[in-house]
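# Summary of structural features
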Amino acid sequence: MNQAPLWLTYGFTYLAAAVIAVPIARALGLGAIIGYLAAGITIGPWGLALVSNVQDILHFAEFGVVLMLFLVGMELQPARLWSMRRPILGLGMAQMAGCALLLWACAWALGLPWRVALVGALGLALSSTAISLQVLGERNLMRTDSGQKAFSILLFQDVAAIPILALLPLLGVAARAAAHAHAPQDLLMEGLKIAGVVGAIVLGGHLLLRPLLRWIARSKTPEIFTATSLFLVVGIAMLMHAVDLSMALGAFLAGVLLADSEYRRELETDIEPFKGLLLGLFFMAVGMSIDFGVVLHRPFVMLALVLGFLTIKAAVIWLLARVTGMPYQERPVFTLLLAQGGEFAFVVFQTGVTFHAIPAETASLLIAAVALSMLLGPLLLVWLDRVLPPRHATLKSEPQEPEISEPQDAPIIIAGFGRYGQIVARMMLAQGVPATVLDHSVEMLEVAHTFGYRVFYGDATRVKLLRLAGAEQARILVVAVDAPDQSLKIVQLAKKHFPHLQVVARARDLTHWHALRDLGVEHVERELFESSLRTARTVLELTGLPAPEAERLADRFRSHNIALSERIYELHNDREAMIAAAKQGRAQLVEQLAKERQERMAAAEAGRGLTPDRPQPDIAP
């Protein structure tokens, strides 16, 4: 039997470990990240030793963090940050500054060099965004006071991670410069290099990104748009790596440049699956990279480190909760979630080793401490649930928006901005009713954006895009796309994932109308029905029929056709019966109208049917 290639063996090992460990961890209430860490520990050098090239895997998996920072950057729109400026800057800065300062002072007092102490303090001050938001969502705490404040602090930490990563190369240069006379020149050159590359990314991105995405989108090839998304992130990451800067910093800047772009939601939808898989691989690699030899060699130091930084952070966070007036029953979960270490600490310590800002042995000790705190956090939450009264489910919710994506308050989503959707959107705009427009046509979205509509580029048949566009908060979904198959798929997804939405759909023909009704859509409009009726009425008037009579005939035809459509719908699964009913209904209409014409003509001849407002037509109708 031929031996499988090494890459295939490793791929099978990673996937098998994740498939087994993550569901078990989630079933135990520990979260997916804990499952990935446990899987990495199990297959790593200190477990079953199924993987040996841990550092190579870790460098590859860091791309997951790069994609995460790209997505974080795309969420940071100026308007949203401004609306949350007080809790983000106030609470976030207080938490980071308070925790980092106390941790740095304690480490320096214990004899560590100030640079090493600073890197350790900054990394340990960060919390786990992924774990915290997951726990808050599962416990329905996102709209509570503690959920709002935790989200603000986590958002500030996500932003603060960027300057921390940018600081590490400078600290590394400063550390190496202690024995060199040209240290100030090196430090100055490093700073100029960072400023130059960042400026080039900002300027080039502002001038080139949107035209590039617009050109790619016009190709109408979804897989190429996905490839372009990854190409964009990889290219900027390579540029940053080439000048020895943080890849995550470059990805974050690229995301910020696209925060107001109409292509942002499609980019998020395309990148999200890659980010999730690579981030999971990153956590597994972190688990594999934990040097348990260091832990076993210095167990009491490890114990003191874990308990020490958890205690210091918990004290600062509890004090912030108390000072800001947070309800007492919300403080324990709030404190515990933010006291544990976070995933960005792994990146900070690994990057610190790369730039020689912190010794490798110290980084291993700190990484192990963060991982242990993330393992202990969910276990302590289970303990809290048993000793504290379960009051969180009945806590009063706050009206602020806690979601990690931007607030979506438009009550109407219009899928499709062609000739049909534009009329609907214009009516909403005229009435001052906000609406969000989804379309996969670059030209249509440029028109919508020009006239002030809120637009998202992308395929409305993707659940992720609908959710990001605000389907969970909206009340009405207008399906105005051209293709019947696409229309039906959108309705199916909306009914399944957003059952609260009232769907108003455009039917291309009677068959499409029947299919929409089968899906439970009550408000269905046949796109050419009314315009065809108006055309027929105009033609009747041009033949000599008075306008009131033509309008009466059009109304009769409309009511009869609607009633006939409802009757036919009940039989549309039986083709022969449906055709027979349609023929019978149309014959009845012709017969009824002919009878009415004969009665009017007879009345006119007898002098009883003519009135001033209904003169005799020139020709018989």
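The present account deals with the structure reproduced in this document. (Residues numbered from 1 in each chain as written. Predicted model: local features only at pLDDT ≥ 70, side-chain atom pairs only at ≥ 80, totals over all residues. Heavy atoms only, no water.)

### Observations concerning the overall build of the protein chain
- Of regular secondary structure, the protein chain possesses 25 helices and six strands.
- By element, 64% of the accessible surface of the protein chain is carried by carbon and sulfur atoms, the whole surface being about 30,700 Å². (Helix = DSSP H or I, 4+ residues; strand = E, 2+ residues; numbered from the N terminus. Areas by Shrake-Rupley, 256 points an atom, 1.4 Å probe, with all protein chains shown as cover.)

### A word on the sheet that holds strand β3 (residues 454-457)
- Strands sit in the order β3-β2-β1-β4-β5-β6 across an open sheet of six strands; the sheet is parallel. Edge positions in the sheet fall to β3 and β6 (523-526), since each has one partner strand and no second. Within this sheet the neighbouring strands show an average axis-to-axis angle of 20 degrees, counted without direction.
- Here strand β2 (residues 435-439) runs beside β3; their pairing, made up of four bridges, is parallel. Residue pairing in the sheet places Asp-439 in a bridge with Tyr-457 of β3. (Pairing = 2+ DSSP bridges. Axes fitted to C-alpha atoms, helices over the stretch in contact; angles between N-to-C directions.)

### Comments concerning the packing of helix α14 (residues 299-323) against helix α15 (residues 331-339)
- Closest axis-to-axis distance for the α14/α15 pair is 9 Å, and the angle between their directions is 135 degrees. The angle between the axes of α14 and α15 places the two elements in the oblique class. In terms of crossing hand, the pair formed by α14 and α15 is right-handed. Residues Phe-309, Leu-310, Lys-313, Ala-314, Ile-317, Trp-318, Ala-321 and Arg-322 of α14 form the contact with α15, whose participating residues are Arg-331, Pro-332, Phe-334, Thr-335, Leu-338 and Ala-339. (Parallel < 35°, antiparallel > 145°, perpendicular 65-115°, else oblique. Left-handed = near helix turned anticlockwise from the far one by under 90°. Contact = heavy atoms within 4.5 Å.)

### A look at the nonpolar core
- Ranked by size, the top nonpolar core spans 123 residues in total, and within it Tyr-14, Phe-70, Phe-346 and Phe-349 carry the most contacts.
- Setting aside chain neighbours within four positions, we find Tyr-14 in contact with Ile-43, Val-51, Ile-57, Leu-281, Met-284 and Met-288.
- In terms of nonpolar packing, the next biggest core, distinct from the first, is built from 28 residues, Ala-415, Val-463, Phe-498 and Leu-516 among them. (Core = buried A, V, L, I, M, F, W, Y, C linked by side-chain atoms within 4.5 Å. Buried < 20%, exposed > 50% of the residue type's maximum accessible area, 1.4 Å probe, protein only.)

### Let's talk about the pairing of strand β4 (residues 476-479)
- The pairing of strand β1 (residues 412-415) with β4 spans four bridges and is parallel. Paired with Ile-412 across the two strands is Ile-476, which belongs to β4.

### Quick word on the packing of aromatic side chains
- Within this structure, the stated rule accounts for two aromatic pairs.
- Taking 6.0 Å as the distance between ring centres and 90 degrees as the angle between the ring planes, the aromatic pair formed by Trp-318 and Tyr-328 counts as edge-to-face. Of this pair, Trp-318 sits in helix α14 while Tyr-328 sits in the loop between α14 and α15, and the two are ten residues apart along the sequence. (Phe/Tyr/Trp six-rings, centres within 6.5 Å; stacked < 30°, edge-to-face > 60°.)

### Digging into the packing of helix α5 (residues 85-109) against α14
- One way to put it is that α5 packs onto α14 with a least axis distance of 10 Å and a crossing angle of 145 degrees. For α5 against α14, the interelement crossing comes out right-handed. Contacts from Leu-91, Ala-94, Gln-95, Gly-98, Cys-99, Leu-102, Leu-103 and Cys-106 in α5 reach Phe-309, Ile-312, Lys-313, Val-316, Ile-317 and Leu-320 in α14.
- Of the residues assigned to the contact of α5 with α14, the class counts are eleven nonpolar, two polar and one charged. (Nonpolar A, V, L, I, M, F, W, Y, C, P; charged D, E, K, R; others polar.)

### Observations regarding a nonpolar patch on the surface
- A cluster of nonpolar side chains, namely Val-19, Ile-20, Ile-24 and Leu-28, defines an oily patch on the protein surface of about 420 Å² accessible area.
- If you trace the backbone, Leu-28 turns up in the loop between α1 (6-27) and α2 (32-43). (Patch = residues over 30% accessible without salt bridge, like charges linked within 9 Å, V, L, I, M, F, W, Y side chains within 5 Å. Salt bridge = Lys/Arg side-chain N within 4 Å of Asp/Glu carboxyl O.)

### Section: the side chain of Gln-157
- Residue placement: Gln-157 occurs in helix α8 (residues 145-176).
- At 2.8 Å, the side chain of Gln-157 and the side chain of Gln-95 are in polar contact.
- Contact partners of Gln-157, with chain neighbours within four places excluded, come to Gln-95, Met-96, Ala-125, Leu-126 and Ser-127. (Polar contact = N/O pair within 3.5 Å; in protein donor to acceptor, adjacent residues only side chain to side chain.)

### Describing the environment of Leu-488
- Checked against the element boundaries, Leu-488 lands in helix α21 (residues 484-497).
- Spatially, the C-alpha atoms of Leu-488 and Thr-461 are 9.3 Å apart, while their sequence positions differ by 27 residues.
- Leaving out residues up to four positions away in the same chain, Leu-488 has contacts with His-512, Ala-515, Leu-516 and Leu-519.

### Brief notes about helix α12 (residues 264-289)
- Taking 1.5 Å as the rise per residue, α12 with 26 residues should run 38 Å; its terminal C-alpha atoms sit 35 Å apart, in good agreement.
- In terms of burial, α12 is largely enclosed, as 21 of its 26 residues are buried. (Expected span 1.5 Å × (residues − 1).)

On their own, these measurements won't tell you what the molecule is for.
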